[in-house]
Amino acid sequence: MPNSRVMAGAARLNQSIRVLKDDWLITEATWGDVVRRRFEERYLAPLGPAVDAAIIGMQKMAEVLDQVRRDCSDRSESS
């Protein structure tokens, strides 16, 4: 089981980006000029792939932390 604290952080990050995207869509009804589009292209569009990469990294980190915990536990039991 992957490290629950790291996975909880990944879940919070994923939820936060979903909320941001939903809230951003709401602004489209009242803000549709070139500044909005430029902001979206420069700042929001890159967030999706960056968050995806961060979540994958967090999942891998959780697996590594669990393996370290198991390895350390195995060593202390065999001593």
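This text gives an overview of the structure that appears in the document. Predicted model, so just to flag it, every value in this text is computed and none were measured.

Observations concerning the pattern of salt bridges
(1) Moving on: Counted according to the given criterion, the structure contains two salt bridges.
(2) Moving on: The partner of glutamate 40 in a salt bridge is arginine 36, with the nearest N and O atoms 3.3 Å apart. Here arginine 36 and glutamate 40 lie together in helix α2 (residues 34–44), a separation of four residues that amounts to about one turn.
(3) Moving on: Residue class for glutamate 40 comes out partly exposed when judged on its relative accessible area of 31%.
(4) Moving on: For arginine 36, a relative accessible area of 3% puts it in the buried group.
(5) Moving on: Residue aspartate 66 is joined to arginine 69 by a salt bridge in which the shortest nitrogen-to-oxygen separation is 3.4 Å. Pair noted here: aspartate 66 and arginine 69 are both in helix α3 (residues 47–78), with a separation of three residues, about one helical turn.

As for the side chain of asparagine 3
(1) Moving on: Take asparagine 3: it is sitting in the segment before α1 (4–27).
(2) Moving on: Taking relative accessible area as the criterion, asparagine 3 reaches 10% and is therefore assigned buried.
(3) Moving on: Excluding residues within four positions of it along the chain, asparagine 3 makes contact with Ala62, Leu65, Asp66 and Arg69.

Remarks on the environment of leucine 44
(1) Moving on: Inspection of the secondary structure assignment puts leucine 44 in helix α2.
(2) Moving on: On the accessibility criterion, leucine 44 (17% relative accessible area) is buried.
(3) Moving on: Taking C-alpha positions, leucine 44 is 18 Å from threonine 30, a pair spaced 14 residues apart along the chain.
(4) Moving on: In contact with leucine 44, other than residues within four places in its own chain, are Leu20, Trp24 and Phe39.

Regarding the packing of aromatic side chains
(1) Moving on: In total, this model carries three aromatic pairs according to the counting rule given.
(2) Moving on: On the numbers, 5.5 Å between centres and 75 degrees between planes, the contact of tryptophan 24 with tryptophan 31 is edge-to-face.
(3) Moving on: Residue tryptophan 24 is classed as buried on the basis of its relative accessible area of 12%.
(4) Moving on: For the ring pair tryptophan 24 and phenylalanine 39, a centre distance of 5.5 Å and an interplane angle of 35 degrees mean the geometry is tilted. Placement of tryptophan 24 in helix α1 and of phenylalanine 39 in helix α2 is noted, with a sequence separation of 15 residues between them.
(5) Moving on: What makes phenylalanine 39 partly exposed here is its relative accessible area of 35%.
(6) Moving on: One aromatic cluster in this structure is built from Trp24, Trp31, Phe39 and Tyr43.

Quick notes on the rules
Residues numbered from 1 in each chain as written. Predicted model: local features only at pLDDT ≥ 70, side-chain atom pairs only at ≥ 80, totals over all residues. Heavy atoms only, no water. Salt bridge = Lys/Arg side-chain N within 4 Å of Asp/Glu carboxyl O. Helix = DSSP H or I, 4+ residues; strand = E, 2+ residues; numbered from the N terminus. Buried < 20%, exposed > 50% of the residue type's maximum accessible area, 1.4 Å probe, protein only. Contact = heavy atoms within 4.5 Å. Phe/Tyr/Trp six-rings, centres within 6.5 Å; stacked < 30°, edge-to-face > 60°.

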